[in-house]
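Close look at the chain arrangement
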Amino acid sequence: MLDLSSQELSFIHKPKELTLMNKLLVFLTAIAIICFSACTAPAIDVSTCVEAAPSGFWMGVWHGIIAPVTFIISLFSDTIQMYDINNNGGWYDFGFVLGAGILFGGSGSKAKRRRRRDG
């Protein structure tokens, strides 16, 4: 029979008390989260860019493939962006991720296990 004394199980049943320092830490963390959430990007008026037809899957693939070049150009230009704001949603996102994966070798072909030769 397994003999477990009450001392051994005391950590399971005893709730942790919140000290003044712990309460202060929780309060300050909450305040910091609220303050940093105020630093998010402001709402952008996109009415001028949605006049054309939205970009779909194939444009997402293309934008994913050219993403590294576009990123470098966007560092020096305010008119170039990596991601098309006027897109059709999930299909554009899927194409973008697929295009970036194609560019960076996301097929997994290099992830094959190789046999180790012993001796």
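Residues numbered from 1 in each chain as written. Predicted model: local features only at pLDDT ≥ 70, side-chain atom pairs only at ≥ 80, totals over all residues. Heavy atoms only, no water.

Along its length, the protein carries 5 helices and 0 strands. Within the span of the protein, comprising 119 residues, buried residues form 13% of the whole. Sequence-distant contacts, at least 24 apart, represent 73% of the contacts inside the protein between residues at least 6 apart. Only carbon and sulfur atoms are counted for the fraction: they give 65% of the accessible area of the protein, which is about 10,900 Å². (Helix = DSSP H or I, 4+ residues; strand = E, 2+ residues; numbered from the N terminus. Buried < 20%, exposed > 50% of the residue type's maximum accessible area, 1.4 Å probe, protein only. Contact = heavy atoms within 4.5 Å. Areas by Shrake-Rupley, 256 points an atom, 1.4 Å probe, with all protein chains shown as cover.)

Okay, the confidence of the model for the protein next. Looking at the protein, the pLDDT average stands at 75 and 61% of residues meet or exceed 70. Mean pLDDT values over the elements of the protein span from 54, in helix α1 (residues 10–13), up to 89, in helix α3 (residues 57–65). (pLDDT = per-residue confidence, 0-100.)

A separate point is the packing of aromatic side chains. Within the structure shown, the criterion is met by 7 aromatic pairs. Between tyrosine 83 and tyrosine 92, the aromatic rings sit 5.1 Å apart at their centres with planes inclined by 75 degrees, giving edge-to-face as the arrangement. Assessed through its relative accessible area of 36%, tyrosine 83 is described here as partly exposed. Since its relative accessible area comes to 0%, tyrosine 92 is described here as buried. One aromatic cluster in this structure is built from Phe57, Trp58, Trp91 and Phe94. (Phe/Tyr/Trp six-rings, centres within 6.5 Å; stacked < 30°, edge-to-face > 60°.)

Turning our eyes to something else, we now look at a nonpolar patch on the surface. Taken together, the side chains of Met21, Leu24, Phe27, Leu28, Ile31 and Ile34 make up a nonpolar region of the molecular surface, amounting to roughly 620 Å² of accessible area. Mapped onto the elements of the fold, isoleucine 31 is located in helix α2 (residues 20–37). A residue is classified by how much of its surface remains accessible, and isoleucine 31, at 36% relative accessible area, is partly exposed. (Patch = residues over 30% accessible without salt bridge, like charges linked within 9 Å, V, L, I, M, F, W, Y side chains within 5 Å. Salt bridge = Lys/Arg side-chain N within 4 Å of Asp/Glu carboxyl O.)

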